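# Observations on chain architecture
What follows is each chain in one-letter form.
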Amino acid sequence: MLLSLPLILVLGVFLPILGWLNLRHSQALQGADTNVPTTKEIVVQIFILQTIVGGLVLLAVHGSQLEVVWLPVLSIQTILVAVSVLLVVVLISLSEARKPLGPNEHIRARLREMSAKNPAWIGVTIYAGFIEEFAYRAVLTLLFAEAIGYWPAAIVSALLFGMAHLSSGLRALPASIFFALAMQLLVFVSGGLLLAVVVHIAYDLIAAWLGRRMAHASKSDGSSVL
């Protein structure tokens, strides 16, 4: 259990604090673009952070001897649940994309400009989706479940996941928490992690495409409606 402590501290303390600091930094910018990370910088930061988390996840699995089931049980039910979950989270993303950004949501604006056609962004999206599902939906939930039960642990994991994504803005927090719970439902229903990984990656790529269209629409006609 001792080897799981670094992962719990990173996911439970460090990343929520980092998300909050990034949010405050974005809100403090006064319209200047000079202090907003470039696409390359964001990609590199995500890759480094996810690599660190991935290493800590492997350490926690080794130290606690957790049994992570990867292969799901595929059936009509699980496939329908996966498609339904993906549809719901995409619709939520579409609703968010139609809303105009606030004057201080600079990092969110930068994220909207990223394209799902960018090879580096596609690569880091696949990588992050894999690591986040492994870390939050599998290992962190299983670690907490030993003490408080599966679904209470899933709720705690979802809250921490949402707080780690605070840099996307406060209004994205409920959507992030809902997304985490939806992915946990996929893991629970299918009995394995892989289906949630696939849906997570598919959602991220679709959301990047929607965000890119949103950014282009805003620049071309001043409207935030797709």
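Criteria and thresholds
Residues numbered from 1 in each chain as written. Predicted model: local features only at pLDDT ≥ 70, side-chain atom pairs only at ≥ 80, totals over all residues. Heavy atoms only, no water. Axes fitted to C-alpha atoms, helices over the stretch in contact; angles between N-to-C directions. Helix = DSSP H or I, 4+ residues; strand = E, 2+ residues; numbered from the N terminus. Parallel < 35°, antiparallel > 145°, perpendicular 65-115°, else oblique. Left-handed = near helix turned anticlockwise from the far one by under 90°. Nonpolar A, V, L, I, M, F, W, Y, C, P; charged D, E, K, R; others polar. Salt bridge = Lys/Arg side-chain N within 4 Å of Asp/Glu carboxyl O. Buried < 20%, exposed > 50% of the residue type's maximum accessible area, 1.4 Å probe, protein only. Polar contact = N/O pair within 3.5 Å; in protein donor to acceptor, adjacent residues only side chain to side chain. Contact = heavy atoms within 4.5 Å. Core = buried A, V, L, I, M, F, W, Y, C linked by side-chain atoms within 4.5 Å. pLDDT = per-residue confidence, 0-100. Expected span 1.5 Å × (residues − 1).

This part covers the packing of helix H2 (residues 39-64) against helix H5 (residues 119-148). Two numbers describe how H2 lies on H5: the axes approach to 9 Å, and their chain directions differ by 30°. In terms of orientation, H2 and H5 fall into the roughly parallel class. Judged by the sense of rotation from one axis to the other, the crossing of H2 with H5 is left-handed. In terms of residue class, the contact of H2 with H5 is made up of 19 nonpolar, four polar and one charged.

All told, the structure shown has one salt bridge when counted by the stated rule. Here Glu133 ties to Arg137 by a salt bridge, and the two come within 2.8 Å at their closest N and O atoms. With Glu133 and Arg137 both in helix H5, this residue pair falls four residues apart, about one helical turn. In this structure, Glu133 and Arg137 share a single accessibility class: buried.

On to the side chain of Ser190, then. Relative to the assigned elements, Ser190 resides in helix H7 (residues 173-190). A polar contact of 2.7 Å, which involves the side chain of Ser190, links it to the backbone oxygen of Leu186. Once residues lying within four places of it in the same chain are set aside, the contact partners of Ser190 are Pro72, Val73, Thr78 and Leu195.

Our next topic: the nonpolar core. Membership of the largest hydrophobic core comes to 45 residues, with the highest contact counts inside it found for Leu7, Leu11, Val53, Tyr136 and Val139. Of all the secondary structure elements, the ones that give two or more residues to this core are helix H1 (5-28), H2, helix H3 (76-97), H5, helix H6 (150-164), H7 and helix H8 (194-221). Ranked by residues supplied to this core, first place goes to H5 with nine residues. Beyond its immediate sequence surroundings of up to four residues, Val53 is in contact with Leu7, Val10, Leu11, Leu15, Ile131 and Ala135.

As a packed pair, H1 and H5 sit with axes 11 Å apart at the nearest point and diverge in direction by 110°. As judged from the angle between their axes, H1 and H5 are roughly perpendicular. Side by side, H1 and H5 meet where Leu7, Ile8, Leu11 and Leu15 of the first sit next to Ala135, Tyr136, Val139, Leu140, Leu143 and Phe144 of the second.

On to the environment of Leu142, then. As for its position among the elements, Leu142 is in helix H5. Placed 76 residues apart in sequence, Leu142 and Leu66 show a C-alpha to C-alpha distance of 7.6 Å. Every residue in contact with Leu142, bar those within four places of it in the chain, is listed here: Leu66, Glu67 and Val68.

Overall, the prediction assigns the chain a mean pLDDT of 86, with 84% of residues at 70 or greater. For the chain, per-element mean pLDDT is lowest for helix H4 (residues 106-113), which scores 66, and highest for H6, which scores 97. Counting contacts from residues 220-226, a segment whose pLDDT is below 50, to residues more than four positions away or on other chains yields 17 contacts.

Here we come to unusual backbone geometry. A positive phi angle is found at Gln65, which is not glycine, with a value near 55°. Among the structural elements, Gln65 can be located in the loop between H2 and H3.

Topologically, Leu86 is positioned in helix H3. Between the C-alpha atom of Leu86 and that of Ile206, which follows or precedes it by 120 residues, the distance is 9.9 Å. Not counting the four nearest positions on each side in its chain, Leu86 is found in contact with Val199, Ala202 and Tyr203.

Moving on, we get to H2. With 26 residues, H2 should reach 38 Å at 1.5 Å per residue; the first-to-last C-alpha distance of 37 Å fits that figure. Listed as buried for H2 are Ile42, Val43, Gln50, Val53, Gly54, Leu56, Val57, Ala60, Val61 and Ser64. Gln65 occupies a position one or two residues after H2 and carries a positive phi of about 55°.

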